[in-house]
Every structure is written in C-alpha cells, then in structure tokens.
Amino acid sequence: MNLVRDYRSHTQVVELANRLLEARRPGKDSTEFSWAPPLRLVSQRGAGVECEWFEYADDEAQAQGIAEDILDLMNKDGLPASEIAVLFRTNAQSAVIESALSAAGVPYQLRGAEQFFERPEVKQAVLALRGSAKGTDGSEHAPSLVRDVLSSLGYSEKAPTSGVRCGRSGSRWRRWCLWLMLYTPSAKSRLLHKHPLSRGCLR
C-alpha cells in the first residue's frame with residue numbers, strides 16, 4: 001500500500017513537489033534496498049495559487065525581498081500579517097529574516113523557536129556592543145570595534161575544529177555561530193556553506 005494522498009497542500013504545491021522528487025537520482029552507493037523510486041503524491045485540496053521562483057544574490061537580499069513582498073501583500077492586497085507565513089529549514093536562518101522584517105516595519109511572531117535577538121547570549125553581546133559604542137568618539141572603525149568586543153566575550157571568527165565531537169549545540173559552535181551572525185553578516189552564507197555543521201548550531 002502506498003500512502004500518496006496529501007491533505008495539506010493545494011495541487012500546485014504537490015505537483016511542484018512531484019517534479020522535484022522525480023528529478024532525484026540514486027547515489028553511486030545506493031542499492032535496490034536503500035533506494036526506491038519516489039511516489040507520486042496526489043493533492044486532496046484542489047487548485048490553489050501558482051508557485052513562483054525567485055533567485056537572490058545572497059541571504060540578505062533574499063530576506064529583504066521577502067520583507068518587500070510581505071509589505072506588498074499587506075499594503076496593496078490588504079492581506080493581514082496573521083495570514084502570511086515565512087518557512088525556513090533551520091533556526092539559524094531566522095536572524096537575517098527577522099532583521100529584514102524589523103527594518104521594514106513588518107510585525108511578526110517566531111513560532112517553534114526563540115527569537116534570535118531574545119536569546120541570552122545574543123542579549124549579552126548586544127549589551128556589550130552598546131556599552132562599548134557609548135564609550136567611543138566615533139572615530140574607531142566599526143567592524144574593528146565589534147570584533148574587539150565579541151572577542152572579549154570569548155567569541156571567535158575561527159570555526160572550532162572539534163565541532164564533530166562537541167556537536168552542533170556545543171558551546172564552542174554556538175559562540176562561533178553568534179560571531180557569524182553579529183559580526184560577519186555578509187560572509188555568513190559563504191561560511192555556512194564551508195562549515196555545514198554551523199547550520200543547526202543556533203537551534
């Protein structure tokens with residue numbers, strides 16, 4: 001018996017999922033026992049809105065695009081914020097999206113996880129940064145100031161080499177990920193690609 005009925009999504013979403021599944025190919029080490037042809041799902045909800053594809057240069061551009069689209073839905077189409085959702089795979093991706101929504105004045109609630117800027121380690125770092133900023137005359141280079149403050153709290157821009165042993169939730173990985181989010185937002189996507197373990201370290 002094959003379980004192929006999808007009761008949650010409209011036809012367009014299910015058909016897109018089917019196309020993605022059909023494009024999958026077994027790996028070189030796959031066997032007939034570890035690989036099976038994908039099922040073809042069938043929507044039980046009927047037709048809905050057509051799916052759209054968007055491509056962005058980096059995470060920051062994507063987050064800004066999301067915020068702008070939400071503003072259009074709210075201001076031009078009259079859709080309430082409570083009817084709009086942004087889905088992402090890991091909690092580590094929430095920070096850049098939260099920042100973009102806040103900058104655009106879009107109200108939001110984060111479900112299933114603590115908001116990035118509400119996490120204790122983030123609050124500690126932000127307070128330290130604010131205190132340090134008040135004590136400067138504005139002549140110091142901002143990135144250098146941020147680096148010095150975060151370093152004094154034990155954060156490092158160098159990824160831990162013992163990440164496999166300590167796990168994604170290990171304190172050393174959490175400190176490195178926080179550095180990544182607060183100090184190097186433009187380099188975040190490149191470093192996440194280079195160090196895949198960091199993707200889940202802020203869960």
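Given the structure is predicted, the values throughout are model-derived calculations rather than measurements. (Residues numbered from 1 in each chain as written. Predicted model: local features only at pLDDT ≥ 70, side-chain atom pairs only at ≥ 80, totals over all residues. Heavy atoms only, no water.)

## Some words on the confidence of the model for the protein
Moving on, step 1. Mean pLDDT for the protein: 76, with 70% of residues reaching 70 or above.
Moving on, step 2. Within the model, the stretch residues 163–169 combines pLDDT values under 50 with 11 contacts to residues more than four positions away or in other chains. (pLDDT = per-residue confidence, 0-100. Contact = heavy atoms within 4.5 Å.)

## Topic: the environment of Ser-132
Moving on, step 1. Mapping Ser-132 onto the fold places it in helix α4 (residues 120–134).
Moving on, step 2. Take Ser-132: its relative accessible area is 23%, and that puts it in the partly exposed class.
Moving on, step 3. With 16 residues separating them along the chain, Ser-132 and Asp-148 place their C-alpha atoms 9.7 Å apart.
Moving on, step 4. Excluding anything up to four places from it in sequence, Ser-132 contacts Leu-145 and Val-149. (Helix = DSSP H or I, 4+ residues; strand = E, 2+ residues; numbered from the N terminus. Buried < 20%, exposed > 50% of the residue type's maximum accessible area, 1.4 Å probe, protein only.)

## Describing the pattern of salt bridges
A side chain with one charge may pair with a side chain of the opposite charge, provided their charged atoms come close.
Moving on, step 1. Under the definition given, this model contains 3 salt bridges.
Moving on, step 2. Here Arg-40 makes a salt bridge to Glu-15, at a shortest N to O gap of 2.6 Å. Within this pair, whereas Arg-40 is found in the loop between α1 (11–22) and β2 (42–43), its partner Glu-15 is found in helix α1, the two being separated by 25 residues in sequence.
Moving on, step 3. Its relative accessible area of 31% is what places Glu-15 among the partly exposed residues. (Salt bridge = Lys/Arg side-chain N within 4 Å of Asp/Glu carboxyl O.)

## Points about the nonpolar core
Moving on, step 1. Core analysis: the biggest nonpolar cluster contains 10 residues, these being Ala-63, Ile-66, Ala-67, Ile-70, Ile-84, Val-96, Ile-97, Ala-100, Leu-101 and Val-106.
Moving on, step 2. At the level of secondary structure, the elements contributing two or more residues to this core comprise α2 (59–75) and α3 (94–103).
Moving on, step 3. When near neighbours in sequence (up to four residues on either side) are disregarded, Ala-67 contacts Ala-100, Leu-101, Ala-104 and Val-106. (Core = buried A, V, L, I, M, F, W, Y, C linked by side-chain atoms within 4.5 Å.)

## A short note on the packing of α2 against α3
Moving on, step 1. In contact at an axis separation of 8 Å, α2 and α3 are set at 45 degrees when each is read in the N-to-C sense. Classed by the angle they form, the pair α2 and α3 counts as oblique. The two elements α2 and α3 cross, and the hand of that crossing is right-handed. Seen from α2, the contacting residues are Asp-59, Glu-60, Ala-63, Gln-64, Ala-67 and Ile-70; seen from α3, they are Val-96, Ile-97, Ala-100 and Leu-101.
Moving on, step 2. When its residues are assigned to classes, the contact of α2 with α3 shows 7 nonpolar, 1 polar and 2 charged. (Axes fitted to C-alpha atoms, helices over the stretch in contact; angles between N-to-C directions. Parallel < 35°, antiparallel > 145°, perpendicular 65-115°, else oblique. Left-handed = near helix turned anticlockwise from the far one by under 90°. Nonpolar A, V, L, I, M, F, W, Y, C, P; charged D, E, K, R; others polar.)

## Concerning the layout of surface pockets
Moving on, step 1. Considering only enclosed or pocket space, the second largest pocket measures out at about 570 Å³ in volume.
Moving on, step 2. It is α3 that contributes the most residues to the lining of the second largest pocket, 4 residues altogether.
Moving on, step 3. A breakdown of the residues in the lining of the second largest pocket according to their chemical character gives 13 nonpolar, 5 polar and 3 charged. (1 Å grid on protein atoms, 1.4 Å probe; cavity = no way out; pocket = protein on both sides within 12 Å on 5 of 7 lines; lining within 4 Å. Points joined across faces, edges and corners; volume = space filled by probe spheres on them.)

## A look at a negative patch on the surface
Moving on, step 1. A contiguous patch of negative charge on the surface is contributed by Glu-50, Glu-52, Glu-68 and Asp-69.
Moving on, step 2. Relative to the helices and strands, Asp-69 is located in helix α2.
Moving on, step 3. A relative accessible area of 34% means that Asp-69 is categorised as partly exposed. (Patch = residues over 30% accessible without salt bridge, like charges linked within 9 Å, V, L, I, M, F, W, Y side chains within 5 Å. Areas by Shrake-Rupley, 256 points an atom, 1.4 Å probe, with all protein chains shown as cover. Lys, Arg positive; Asp, Glu negative; His and termini not counted. Charge placed at Lys NZ, Arg CZ, Asp CG, Glu CD.)

## Examining the side chain of Asp-6
Moving on, step 1. Topologically, Asp-6 is positioned in strand β1 (residues 5–6).
Moving on, step 2. Here Asp-6 sits buried without a salt bridge, and the closest side chain of opposite charge, Arg-8, lies 6.4 Å off (N-O distance).
Moving on, step 3. Among the polar contacts listed, one links the side chain of Asp-6 to the backbone nitrogen of Arg-8, at a separation of 2.9 Å.
Moving on, step 4. The contacts of Asp-6, once residues within four sequence positions are left out, are Val-14, Val-42, Ser-43 and Gln-44. (Polar contact = N/O pair within 3.5 Å; in protein donor to acceptor, adjacent residues only side chain to side chain.)

## Quick word on the packing of α4 against helix α5 (residues 142–152)
When two helices pack together, their arrangement is given by the angle between the helix axes and the distance between those axes.
Moving on, step 1. Axis separation between α4 and α5 bottoms out at 10 Å; the angle between their running directions is 130 degrees. In terms of orientation, α4 lies oblique with respect to α5. In the crossing of α4 with α5, the sense of the turn from one axis to the other is right-handed. Between α4, through Ala-125, Ala-128, Leu-129, Ser-132 and Ala-133, and α5, the contact on the second element is made entirely by Leu-145, Val-146, Val-149 and Leu-150.

## What about α5?
Moving on, step 1. Listing the buried residues of α5 in full gives Leu-145, Val-149 and Leu-150. Mapping the buried residues of α5 onto a view down its axis gives an arc of 125 degrees, with all of them on the same face.
Moving on, step 2. Positive backbone phi, approximately 100 degrees, marks Gly-154, located one or two places after α5. (Arc of directions from axis to C-beta.)

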